[in-house]
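Residues per chain, in single letters:
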Amino acid sequence: MTAKRIVSGIQPTGQLHLGNWLGAIRNWVRMQDALGPDDRAFFFIADLHAITLPQDPAELRRATREIAAALIASGIDPARSVLFNQAQVAEHAELAWVLGCTARMGWLNRMTQFKEKSGKDREGASVGLFTYPVLQAADVLVYKATHVPVGEDQKQHLELARDIAIKFNTDLGVEVLVPPEPIIPPEAPRIRSLRDGKAKMSKSDPSEQSRIALTDTADAIRQKIRRARTDPDPLPETAAGLAGRPEAQNLVGILAAVTGRTMDAICAEFAGQGFAAFKPVLADALVAVLEPLSARFRELLADPAEIDSILRTGAARAREVAQATVAEVHDAVGFLKP
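Report follows, based on the coordinates. For clarity, every value in this text was computed on a predicted model and none was experimentally measured.

## With respect to the overall build of the protein chain
In terms of helices and strands, the protein chain carries 13 helices and 5 strands. For 338 residues, the compact-globule formula gives about 20 Å, and the C-alpha radius of gyration of the protein chain, at 22 Å, lands near that figure. Referenced to the eigenvectors of the C-alpha coordinate spread, the extents of the protein chain come out at roughly 75 × 45 × 40 Å. For the protein chain, buried positions account for 47% of its 338 residues. Residue pairs at least 24 apart in sequence account for 75% of intrachain contacts in the protein chain once pairs closer than 6 positions are excluded. Of the accessible surface of the protein chain, which amounts to about 16100 Å², a share of 53% is contributed by carbon and sulfur atoms. One finds the centroid of the 40 positive side-chain charges in the protein chain at a distance of 2 Å from the centroid of its 42 negative side-chain charges.

## A word on the pattern of salt bridges
For the coordinates displayed, the defined rule picks out 13 salt bridges. In this structure, the salt-bridge partner of Glu 181 is Arg 162, at a minimum N-O distance of 3.2 Å. With Glu 181 in strand S5 (residues 181-183) and Arg 162 in helix H8 (residues 155-172), this pair connects stretches of sequence that are 19 residues apart. We note a salt bridge from Glu 208 to Arg 211, for which the minimum N-O separation is 3.7 Å. Taking relative accessible area as the criterion, Glu 208 reaches 40% and is therefore assigned partly exposed.

## Focus on the environment of Ser 126
With respect to the helices, strands and loops of the structure, Ser 126 is situated in the loop between helix H6 (112-118) and helix H7 (127-141). Judged by its relative accessible area of 31%, Ser 126 falls in the partly exposed class. The sequence separation of Ser 126 and Leu 53 amounts to 73 residues, and the corresponding C-alpha distance is 7.6 Å. Side-chain polar atoms of Ser 126 contact the backbone oxygen of Thr 52, separated by 3.1 Å.

## Details of the pairing of strand S3 (residues 82-85)
On S3, burial covers both faces: Val 82 and Phe 84 on one face and Leu 83 and Asn 85 on the other are all buried. The pairing of strand S2 (residues 40-45) with S3 spans 4 bridges and is parallel. Bridged to Phe 43 within S3 is Leu 83.

## Examining the environment of Gly 100
Along the chain, Gly 100 falls in helix H4 (residues 91-100). Owing to a relative accessible area of 40%, Gly 100 belongs among the partly exposed residues under this scheme. C-alpha of Gly 100 to C-alpha of Leu 290: the two residues are 190 residues apart in sequence and 42 Å apart in space.

## What about helix H9 (residues 218-227)?
It helps to recall that an α-helix has 3.6 residues per turn; residues three or four apart then point in one direction. Those residues of H9 that sit buried are Ala 218, Ile 221, Lys 224 and Ile 225. Seen along its axis, H9 keeps its buried residues to an arc of 130°; they face one direction. Along H9, exposed side chains directed more than 90 degrees from the buried face belong to Asp 219 and Arg 226. Those residues of H9 hidden inside the fold are in contact with helix H12 (275-301).

## Points about the environment of Gln 15
Tracing the chain through its elements places Gln 15 in the loop between strand S1 (5-10) and helix H1 (18-33). Judged by its relative accessible area of 23%, Gln 15 falls in the partly exposed class. For Gln 15 and Ala 70, which are 55 residues apart along the polypeptide, the C-alpha to C-alpha distance reads 10 Å. Residues contacting Gln 15, with those up to four places away along its chain left out, are Asn 20, Glu 66, Lys 203, Glu 208, Arg 211, Ala 213 and Thr 215.

Definitions and cut-offs
Throughout, a residue's number is its position along its own chain's written sequence, starting from 1. Totals for whole chains, interfaces and linings use every residue, but because this is a predicted model, local features are given only for residues with pLDDT of at least 70 and side-chain atom pairs only at 80 or more, for both listing and counting. The side-chain numbers reported here are obtained from all heavy atoms of the structure, hydrogens and water having been left aside. By the criteria applied, helices consist of DSSP H or I runs no shorter than four residues and strands consist of E runs no shorter than two, each listed in order from the N terminus. Both definitions apply: the radius of gyration is a C-alpha atom measure, and the globule rule equals 2.2 Å times residues to the power 0.38. With a 1.4 Å probe rolled over the protein chains alone, any residue whose accessible area is under 20% of its type maximum counts as buried; one over 50% counts as exposed, and the rest are partly exposed. Contacts between residues were defined by any pair of non-hydrogen atoms, one from each residue, lying within 4.5 Å. In this description, accessible areas are obtained by the Shrake-Rupley approach with a 1.4 Å probe, and a residue is regarded as covered only by the protein chains that are shown. We treat Lys and Arg as the positive residues and Asp and Glu as the negative residues; His and chain ends play no part in the count. A single reference atom marks each charge: NZ on Lys, CZ on Arg, CG on Asp, CD on Glu. Within this document, salt bridges are pairs made up of a side-chain nitrogen of Lys or Arg and a carboxyl oxygen of Asp or Glu, the two lying within 4 Å of each other. Here a polar contact is taken to be a pair of N or O atoms separated by no more than 3.5 Å, where protein atoms must pair a possible hydrogen donor with a possible acceptor and residues adjacent in sequence count only if both atoms sit in side chains. Paired strands, as defined in this entry, are two strands with at least two bridges between them according to DSSP. The arc in question is the one spanned by the directions pointing from the helix axis to the C-beta atoms.

Structure, rendered in structure tokens:
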């Protein structure tokens, strides 16, 4: 059986919250824990991607360390996985240039995320925002990833990476780049705002009460759940009875996600009861899961030099693999050897 190489990245933007942990970070830890002896996982903080939109330099550095701390606190082990920030491995950008000469304008014009992020100001958007799917392709192809975890919004970008790899190999008559296969993680729960069940839990929401941050203390978690918006009706016997009740559905969904139970089982347990009985149970479950993580998170953030050291070590390990791939690409293209 061919050894797996898993590659995934996360952008350093905003305050990490429960939705980030349930939607991405927890799955990374599970992937790491399922690695075989010959498999490798590369997890990176996508700071190059972050600058496709304007960033405050000090905030970018802070957010990069915060993401690294969150990953380590959640269970990513830098000794078992390669953890680094993208900008320290120059081969990502170097390979992106070559791949940009392979990709076609028509392919990038079909990328839906550029249309969403540029909005009505397409002409005012940065070139980087337009071409960042090529950098995403380089991110995975530079490590010869065999598998890449993708959500619904990233499937199109992985298909682009596969198309670029296949075209590069075909054009030059080589087998240098590996078209990666998708890993479709278990469906991530759609965690909504604690203030509005129709809106996503978001880092950009101005209200701190709308989200459970990974830095929150036990007291803060309990307070936010106590104040979370609900409705006056009792809980139904089945999850189907939550239709049309977005706040109730959100809170039941959060308890299901953190305990590994089904929403139907939770509804059956609390059927006929109001949220005065439900909320303390939800708060206890969140504290049990997040308090150890939050404590470790805050401990790591208190020592930024240690985080920087971990990322430098990871970047050195990543470069060993990336440099070998780029050397093969240089040879295939016809560049002179240094």
